[in-house]
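# Close look at the chain arrangement
As a plain string of letters, each chain reads:
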Amino acid sequence: PHHHLPESPVRRPSTLSLLQRTATLAAGAALLFAASAGSLAAQIAQSEFAERRAALASALPDGVILVLGAGEPNPDFVPFHQHPQFRYLTGFDEPGSALVIVKAGDSRRELLFVRPKDPAAEVWNGARLGVDGVRGTLGMDGRNASVLRTVVDSLLAQHKTLHVLGDIGARM
């Protein structure tokens, strides 16, 4: 006396059709991601940020211009938001960054101070551009954020004026 359960009325898809649907969904998601990433990156060209920095420098007298980005959020679970002035001038959205523009007459030099690549930290906090990625991505000279104070002190020995955008008390 074997009892047979009635066959389920639900039709189970074959393994092949399930794989085909999964592959189609994955391909569609990849295309959507690629399309959105490309359009987001292209919304404001790096040339626009360079023009904004040039306009700021031309509006100020000779000296050192220091624009501080936002630091790492504290506590850790709070989402990061870049300082608006820093983002407006650089388009860069990583914590702990700073922009230094040195203006002397018609000459201008731009340095972007960023945190170095750190695979262990990037697992938790997201990928970093790193010093080596600054020139190719943002068109400025990159420096390690850990030397910001030393570089600014050195520049102020040559240029007596310091213009600051951002909360210098929290970062220097």
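Whatever comes next refers back to the structure up there.
Starting from 1, residues in each chain are numbered consecutively following that chain's sequence as written. Selection of residues for local features in this predicted model requires a pLDDT of at least 70, selection of side-chain atom pairs for listing and counting requires 80 or more, and totals for whole chains, interfaces and linings are taken over all residues. Each side-chain value is worked out from all heavy atoms of the structure, with water and hydrogens disregarded.

### Points about the side chain of arginine 53
Operational definition: Working definition: helices are DSSP H or I runs of at least four residues, strands are E runs of at least two. Numbering for both runs from the N terminus. Three labels apply to residues, based on accessible area from a 1.4 Å probe with only protein chains included: buried if under 20% of the type maximum, exposed if over 50%, partly exposed otherwise in between. Contacts are residue-level and defined by heavy atoms, with any inter-residue pair within 4.5 Å sufficient.
Position of arginine 53 among the secondary structure elements: in helix α2 (residues 46-59). In this structure arginine 53 comes out as buried when scored by relative accessible area, which is 1%. Beyond its immediate sequence surroundings of up to four residues, arginine 53 is in contact with Leu89, Thr90, Leu99, Ile101, Glu110, Leu138 and Met140.

### Section: the environment of glutamate 94
As a reminder, the rule being used: Polar contact criterion, stated in full: a pair of N or O atoms within 3.5 Å, where within protein one must be able to donate a hydrogen and the other to accept it, and residues adjacent in sequence count only if both atoms are side-chain atoms.
Counting through the fold element by element, glutamate 94 comes out in the loop between α3 (84-90) and β2 (98-104). Between the alpha carbons of glutamate 94 and phenylalanine 80 there is a distance of 8.4 Å; along the sequence they are 14 residues apart. In contact with glutamate 94, other than residues within four places in its own chain, are Phe80, Gln82, Ala127, Arg128 and Leu129. A distance of 2.7 Å separates a polar atom in the side chain of glutamate 94 from the backbone nitrogen of leucine 129.

### Here we look at the nonpolar core
What counts is decided by this rule: Take the buried Ala, Val, Leu, Ile, Met, Phe, Trp, Tyr and Cys residues and link them wherever side-chain atoms come within 4.5 Å; each set so joined is a nonpolar core.
Counting 13 residues, the largest nonpolar core has Val67, Phe86, Phe92, Leu99, Leu112 and Met140 as the members making the most contacts within it. Secondary-structure elements contributing two or more residues to this core are β1 (63-68), α3, β2, β3 (107-114) and α5 (131-138). Ignoring sequence-local partners within four residues, the contact set of valine 67 consists of Gln85, Phe86, Leu89, Ala98, Leu99 and Leu165.

### Observations concerning the sheet that holds β1
Formally: The pairing criterion for strands is at least two bridges between them, as found by DSSP. A fitted line through C-alpha atoms serves as each axis, taken over the contacting stretch for helices, and the angle formed by two N-to-C directions is quoted from 0 to 180°.
Ordered in space as β4-β3-β2-β1-β5, the five strands form an open sheet in which the pairing is mixed. Edge positions in the open sheet fall to β4 (141-144) and β5 (162-165), since each of these has one partner strand only. Along the sheet, successive strands turn relative to each other by an average axial angle of 20°, direction set aside. Sheet topology places β1 next to β2; six bridges connect them, and they run antiparallel.

### Side note on the pattern of salt bridges
When the charged atoms of two side chains lie near each other, side chains of opposite charge can form a pair. To keep things clear, this is the line we draw: Salt bridges are defined by distance alone: a side-chain nitrogen of Lys or Arg within 4 Å of a carboxyl oxygen of Asp or Glu.
Within the structure shown, the criterion is met by eight salt bridges. Between glutamate 110 and arginine 53 there is a salt bridge, and its shortest N-O distance comes to 3.0 Å. With glutamate 110 in strand β3 and arginine 53 in helix α2, this pair connects stretches of sequence that are 57 residues apart. Each member of the pair glutamate 110 and arginine 53 is classed as buried. Among the ionic pairs, aspartate 141 bridges to arginine 109, the shortest N-O distance being 3.6 Å. One end of the pair, aspartate 141, is in strand β4; the other, arginine 109, is in strand β3, with 32 residues separating them in the sequence. By relative accessible area, arginine 109 is classed as partly exposed at 41%. Look at the salt bridges and you will find they share partners, linking Arg53, Arg108 and Glu110 into a network.

None of the figures reported here should be taken as evidence of function without further support.
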